[in-house]
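Report on the structure
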Amino acid sequence: MFSRYKKNSDPAPAKPAPMEAVGSGNPQPRAAEAKPEPRAGAIMRAAPVQPLRAPAEVVAADKEKKRKDRLMELKVELHKRLLENLNLAALENATEANLKSEIAAISAEALDEMSVALNKDDRTTLNQELYDEVMGLGPLETLLKDESVNDILVNGPKRIFVERGGKLTLTDVTFKDERHLLRIIDKIVSAVGRRVDESNPYCDARLADGSRFNCMVPPIAVDGSLVSIRKFKKEKLRIADLVQFGAFTEEMAAYLQAAVSCRLNIIVSGGTGSGKTTTLNALSSFIDNTERVLTIEDTAELQLQQIHVGRMESRPPNVEGKGAVTQRDCLRNALRMRPDRIIVGETRGEEVIDMLQAMNTGHDGSMTTIHANSARDGISRLENMVAMAGIEMPLKAVRNQIASAVNLIVQASRLQDGSRRMTSITEITGMEGEVISMQEIFRYERLGLAPDGKIIGRFNATGVRSHYSERFRSWGYNLPASIYEPIG
Ligand SMILES: Nc1ncnc2c1ncn2[C@@H]1O[C@H](COP(=O)(O)OP(=O)(O)O)[C@@H](O)[C@H]1O
Ligand SMILES: [Mg+2]
């Protein structure tokens with residue numbers, strides 16, 4: 001067993017472990033330290049029949065962990081000292097550069113006092129983390145700055161996941177402990193005048209950069225606070241980007257342009273993070289600049305490029321349970337504000353009534369998103385929402401209302417390989433007896449799975465011509481018949 005360990009452990013990790021120098025007063029790694037000593041822990045891990053990792057890696061990972069733990073300890077101590085020494089009142093007006101140099105000075109002095117020597121890289125990391133701690137959201141800052149990250153999901157202080165390109169991965173970012181995490185949560189929610197504690201254990205908020213934030217703290221969150229952040233993207237994906245990413249085809253884009261321009265009422269349906277808001281935002285780019293558009297959202301995310309846009313954001317009740325302004329309140333008021341179109345970020349409750357009414361009463365071209373897995377499912381969700389809103393109406397009447405309000409359902413999906421695609425475009429054509437009739441125009445066909453786990457598939461037309469062809473034509477959108485013809 002031992003001989004195997006020896007064999008696998010060669011060569012020794014080349015990278016010096018900087019933290020070994022901490023406290024020794026010598027920032028240079030000593031030669032002996034560069035070579036790992038076989039230690040009990042490492043041998044234990046190398047011993048099983050199929051070792052998970054080569055021991056050299058285990059030793060390196062162990063060193064890296066020690067280095068991180070040590071840096072974390074130092075950070076806590078320095079943070080304490082910083083808060084004692086920094087002139088907090090002056091922080092507001094200090095420039096970033098000033099503040100950074102002040103932090104560097106205070107931390108250098110403190111490290112000196114503690115006789116701790118750090119190499120340049122660790123010093124820079126530490127000072128940046130201290131800056132993030134004092135001015136920003138601590139460990140979350142690096143993830144917030146990372147452009148490739150879409151979502152940040154915190155499951156207690158030691159497990160922070162991010163979503164990139166539709167895939168979730170565990171990061172090596174951690175909080176020191178639950179108290180540290182709670183302090184950052186408190187910083188976020190108090191900035192928007194909210195509070196979380198045992199009696200108010202959850203909260204929605206918006207970060208200064210526009211990102212959506214939700215948290216749930218113990219004891220309701222069992223293993224430490226849960227945080228989810230949907231990052232705000234300044235550069236929204238445009239139709240051309242989405243076509244380029246394979247979210248839909250140019251033919252589908254041409255169809256959607258006609259649908260939006262001819263003021264069909266559109267619902268974007270999809271699961272969480274499937275790209276509903278992104279799609280809605282991209283679709284809105286087809287709205288004419290002369291139209292008056294009002295948007296209503298729980299968290300303002302949409303970025304319409306038109307000049308005549310009025311944006312509204314609902315408001316949850318304050319700590320005393322007062323002052324709530326719901327999406328429904330906004331929507332009712334919006335109807336008195338002479339809109340051409342109304343866009344509701346996500347319909348999830350009683351506002352469905354007013355949304356359907358708006359769509360049925362001359363605000364053609366209105367759009368919203370709902371949480372559903374298919375066009376059919378989307379219709380059921382609408383029916384349920386109407387029922388939940390306490391409206392006593394026979395089902396057939398509800399369906400009539402829906403069928404005459406909604407023209408088009410666009411299905412957004414996040415597939416198992418992380419890709420986001422418009423998997424179906426379905427028109428609502430009316431009622432057949434008790435049933436809402438619809439026809440699918442485009443769909444995504446799955447053809448198989450590549451060895452690397454990527455889904456192989458293609459978009460295809462169903463061969464059904466649009467129910468709205470006449471309308472498109474009369475508005476000047478002459479879509480070639482070929483876009484409705486299926487391939488293969
Ligand atoms: N087709 C796409 N390709 C790549 N990224 C996308 C696509 N659609 C959406 N995204 C990204 O996915 C994340 C979630 O999208 P979003 O529209 O907010 O989802 P939803 O509203 O369904 O929860 C965003 O960060 C967005 O930029
Ligand atoms: Mg959304």
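Residues numbered from 1 in each chain as written. Chains lettered and ligands numbered in written order. Predicted model: local features only at pLDDT ≥ 70, side-chain atom pairs only at ≥ 80, totals over all residues. Heavy atoms only, no water.

A word on the nonpolar core
What counts, and what does not: What makes a nonpolar core is a set of buried Ala, Val, Leu, Ile, Met, Phe, Trp, Tyr and Cys residues whose side-chain atoms join them at distances within 4.5 Å. Three labels apply to residues, based on accessible area from a 1.4 Å probe with only protein chains included: buried if under 20% of the type maximum, exposed if over 50%, partly exposed otherwise in between. Put simply, DSSP marks the helices as runs of H or I at least four residues long and the strands as runs of E at least two long, and each gets a number from the N terminus on.
Counting residues in each nonpolar core, the largest one holds 41 residues, and the members touching the most others are Tyr255, Leu256, Ile266 and Phe472. Counting residues per element, the ones that place at least two in this core are helix H10 (239-244), helix H11 (250-261), strand S7 (266-270), helix H12 (276-284), strand S12 (408-414), strand S13 (420-432), strand S14 (435-449) and strand S15 (455-461). Looking at which element gives the most residues to this core, the answer is H11, with seven residues.

Remarks on the packing of aromatic side chains
Cut-off, in case you're wondering: Stacked, tilted and edge-to-face are the three classes applied to pairs of Phe, Tyr and Trp rings, where Trp contributes its six-membered ring and a pair requires centres within 6.5 Å; stacked means planes under 30 degrees apart, edge-to-face means over 60, and tilted covers the rest. Consider the ring centre and the ring normal. A charge sits over the ring if Lys NZ or Arg CZ is within 6 Å of that centre and within 35 degrees of that normal.
Applying the stated rule across the entire model yields three aromatic pairs. With centroids separated by 5.7 Å and ring planes inclined at 80°, the aromatic side chains of Tyr255 and Phe472 adopt a geometry described as edge-to-face. One end of the pair, Tyr255, is in helix H11; the other, Phe472, is in helix H17 (residues 469-474), and 217 residues separate them in sequence. The burial state of Tyr255 is the same as that of Phe472; both residues are buried. The structure contains a cluster of three or more aromatic residues connected by ring pairs, namely Tyr255, Phe442 and Phe472. Taking the ring centre of Tyr131 as reference, the NZ or CZ of Lys100 above it sits at 4.8 Å. The residue whose ring lies beneath Lys236 is Phe232, and the NZ or CZ to ring-centre distance is 4.5 Å.

Considering the site of ligand 1
Rules: Throughout this document, a residue counts as near a molecule or strand when at least one of its heavy atoms sits within 4 Å of that molecule or strand. Polar contacts, as used here, are pairs of N or O atoms within 3.5 Å; protein pairs need one atom able to donate a hydrogen and one able to accept it. Residues neighboring in sequence count only if both atoms are side-chain atoms. For accessible areas, the Shrake-Rupley method is used with a probe of radius 1.4 Å. Any residue's cover is judged against the shown protein chains and nothing else. Residue polarity follows a fixed list, in which Ala, Val, Leu, Ile, Met, Phe, Trp, Tyr, Cys and Pro are nonpolar, Asp, Glu, Lys and Arg are charged, and the others, Gly among them, are polar. Domain limits in this description derive from either an automatic procedure or a database domain assignment.
In the vicinity of ligand 1 lie 16 residues, with Arg230, Gly273, Lys276, Thr277 and Thr278 positioned nearest. Within the side chain of Arg230, a nitrogen or oxygen atom sits 2.8 Å from an oxygen atom of ligand 1. Gly275 is positioned with one of its backbone polar atoms (N or O) 3.0 Å from an oxygen atom of ligand 1. Against a free-state accessible area of 560 Å², the protein chains account for coverage of 88% of ligand 1. For the shell around ligand 1, the leading source of residues is H12, giving three residues. A breakdown of the residues in the shell around ligand 1 according to their chemical character gives four nonpolar, eight polar and four charged. Among the domains, domain 2 (136-233) and domain 3 (239-484) are the pair contributing at least three residues each to the shell around ligand 1.

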